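# Summary of the model geometry
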Amino acid sequence: MGKTFDQSLIDTATIPMSMIDPEDMEDTSSEEFISLRRVQQGCHNELTNREDFPFNKYTKSLQLSKNQDSYSIPDGRIIAVRLSHNNTVDELKYDSNIKLLSGSPAKPDRYMGTYNPIKIKFYPVPDKSYNVEIDYVSTKNIILKDGTYSYKIETESTLRMPEQFQHLYFDALEYYVLATNLRKQSNPRWQPTLEIFRQRWNIFLRGSKTVDSETVFTI
C-alpha cells in the first residue's frame, strides 16, 4: 500500500515553515484537518489535470453490435478510437454533428460523446459486429480504502500512480498545499514556498516523463 493522502497532510504540517500542528492533521474530524483537506483536494485536482501523463493513459476494448450505436463511455477523456475489421484498423474521426446525420447501417467511421446519459455514439449505425479500442486519459486517480477508483480524496485513500513516481508527486503536492494555504493567510512565506513547489514539480515532471509516451495500460 502506498502513502495515503492523510499521511501527506501530516507531512505537509511537518514542513518547518508550515505553522500547522501535525496533531491536528492526525484527527480526521478536526476543523483544521477538514479545511486543509479541501485545499489538498483542489491542489491535487489542478496538478493531475495539468498534463496528460503517460501513466494515466488506458485502452478499453469494446465490441459493437449490429444496429446499436450508443455504448458506455470510459471514465476519462477520450483521445483516440480505432475500429478493427478484416485485418484492417481505422482511426475514427470525432464529429459533434452525428445527431444531425441520417443513413443506412454501415461500417462506422466517426464517433461523438453524449451527455444525459453519458455515452459514446457511433455513426453510421453498425451493420454488423465490429471491434473497437478506445484510448483515453483517466481522471480517476485516487484509490479508495475498498480498492475502487475515485475523483475524491477520502480517509485512507491513496494515489493511483506507479510507485516510482509517487514520492516525487507527494513532495511537490505537499509544498503546493502549503503554499496555497499560506496565500489564503496572506503570509509572506507564501512566495518562497511556491518557489520550492515549482522546483519539486519540475523534478516530478522529469521523472514521470521517463515513461514511454506510447505506453498504455489495457483494462
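Up top is the structure.
Everything in this summary refers to the structure shown in the same document. (Residues numbered from 1 in each chain as written. Predicted model: local features only at pLDDT ≥ 70, side-chain atom pairs only at ≥ 80, totals over all residues. Heavy atoms only, no water.)

This part takes up the packing of aromatic side chains. By the definition in use, this model includes 14 aromatic pairs. Seen from their ring centres, Phe53 and Phe55 are 5.5 Å apart, and the 0° between their planes marks the pair as stacked. The buried category is assigned to Phe53, whose relative accessible area is 3%. Taking relative accessible area as the criterion, Phe55 reaches 3% and is therefore assigned buried. Members of the aromatic cluster, joined through ring pairs, are Phe5, Phe53, Phe55, Phe165, Tyr169, Phe170, Tyr176, Phe197, Trp201 and Phe204. (Phe/Tyr/Trp six-rings, centres within 6.5 Å; stacked < 30°, edge-to-face > 60°. Buried < 20%, exposed > 50% of the residue type's maximum accessible area, 1.4 Å probe, protein only.)

Let us look at helix H4 (residues 163-184). The terminal C-alpha atoms of H4 lie 32 Å apart, and with 22 residues this matches the ideal 32 Å at 1.5 Å per residue to within 8%. A positive phi of about 55° marks Ser186, the residue just after H4. (Helix = DSSP H or I, 4+ residues; strand = E, 2+ residues; numbered from the N terminus. Expected span 1.5 Å × (residues − 1).)

What follows covers the nonpolar core. Formed by 37 residues in total, the largest nonpolar core has its most connected members in Met25, Tyr169, Leu173, Phe197, Trp201 and Phe204. Breaking this core down by element, the ones donating at least two residues are helix H1 (5-13), helix H3 (31-48), H4 and helix H5 (190-208). Residue contributions to this core peak at 12 residues, all from H4. One finds Val81, Leu83, Leu92 and Ile134 within the second-largest nonpolar core, a separate group that totals 13 residues. (Core = buried A, V, L, I, M, F, W, Y, C linked by side-chain atoms within 4.5 Å.)

Attention shifts here to the side chain of Arg37. You can see Arg37 is positioned in helix H3. By relative accessible area, Arg37 is classed as buried at 10%. With residues up to four places along the chain from it excluded, the contact list for Arg37 reads Phe5, Asp6, Leu9, Ile153, Glu154 and Thr155. (Contact = heavy atoms within 4.5 Å.)

For any two helices packed against each other, one specifies the crossing angle of their axes together with the interaxial distance. Where H1 meets H3, the axes come as close as 11 Å, and the angle between the chain directions of the two elements is 105°. One element, H1, and the other, H3, form an angle in the roughly perpendicular class. Along its contact with H1, which presents Phe5, Asp6, Ser8 and Leu9, the element H3 presents Phe33, Leu36, Arg37, Gln40 and His44. (Axes fitted to C-alpha atoms, helices over the stretch in contact; angles between N-to-C directions. Parallel < 35°, antiparallel > 145°, perpendicular 65-115°, else oblique.)

Put simply, H3 and H4 touch, their axes get as near as 9 Å, and they point 125° apart. Taken together, the axis directions place H3 and H4 in an arrangement best described as oblique. At the point where H3 passes H4, the crossing takes the right-handed sense. Contacts between H3 and H4 involve Ser35, Leu36, Val39, Gln40, Cys43, His44, Glu46, Leu47 and Thr48 from the former and Tyr169, Leu173, Tyr176, Val177, Thr180, Asn181 and Lys184 from the latter. (Left-handed = near helix turned anticlockwise from the far one by under 90°.)

Another point: a negative patch on the surface. A grouping of Asp21, Glu23, Glu26, Asp27, Glu31 and Glu32 is seen on the molecular surface, where their side chains present a negatively charged patch. The set of elements that each furnish at least two residues to the negative patch consists of helix H2 (22-26) and H3. Tracing the backbone through its elements, the reader meets Glu31 in helix H3. (Patch = residues over 30% accessible without salt bridge, like charges linked within 9 Å, V, L, I, M, F, W, Y side chains within 5 Å. Areas by Shrake-Rupley, 256 points an atom, 1.4 Å probe, with all protein chains shown as cover. Salt bridge = Lys/Arg side-chain N within 4 Å of Asp/Glu carboxyl O. Lys, Arg positive; Asp, Glu negative; His and termini not counted. Charge placed at Lys NZ, Arg CZ, Asp CG, Glu CD.)

This brings us to the sheet that holds strand S9 (residues 142-143). In sheet architecture, strand pairing relies on hydrogen bonds along the backbone and comes in two forms, parallel and antiparallel. Strand order in the open sheet formed by three strands is S10-S9-S11, and the pairing between neighbours is antiparallel. A single partner strand is all that each edge strand has here, and the edge strands are strand S10 (149-150) and strand S11 (158-159). (Pairing = 2+ DSSP bridges.)

It is worth spelling out H1 at this point. The element H1 is largely enclosed, with a buried count of seven among its nine residues. Phe5, Asp6, Ser8, Leu9, Ile10, Thr12 and Ala13 are the residues of H1 that are buried. Buried positions along H1 lie against H2, H3, S9, S11 and H4.

Side chains that carry opposite charge are capable of pairing whenever their charged atoms lie near each other. Applying the stated criterion across every chain, the model contains 14 salt bridges. A salt bridge links Arg82 to Glu133; its shortest N-O distance comes to 2.9 Å. Taken together, the residues Arg82 in strand S3 (residues 76-85) and Glu133 in strand S8 (residues 130-138) connect sequence positions 51 residues apart. Residue classification places Arg82 among the partly exposed positions, given a relative accessible area of 21%. Taking the shortest distance from any N to any O, the salt bridge between Glu195 and Arg198 comes out at 2.6 Å. Taken as a pair, Glu195 and Arg198 lie in helix H5 at a separation of three residues, close to a single helical turn. Sharing partners across several salt bridges, the network here consists of Lys3, Asp11 and Glu174.

Geometric descriptors of this kind do not, in isolation, establish any biological role.
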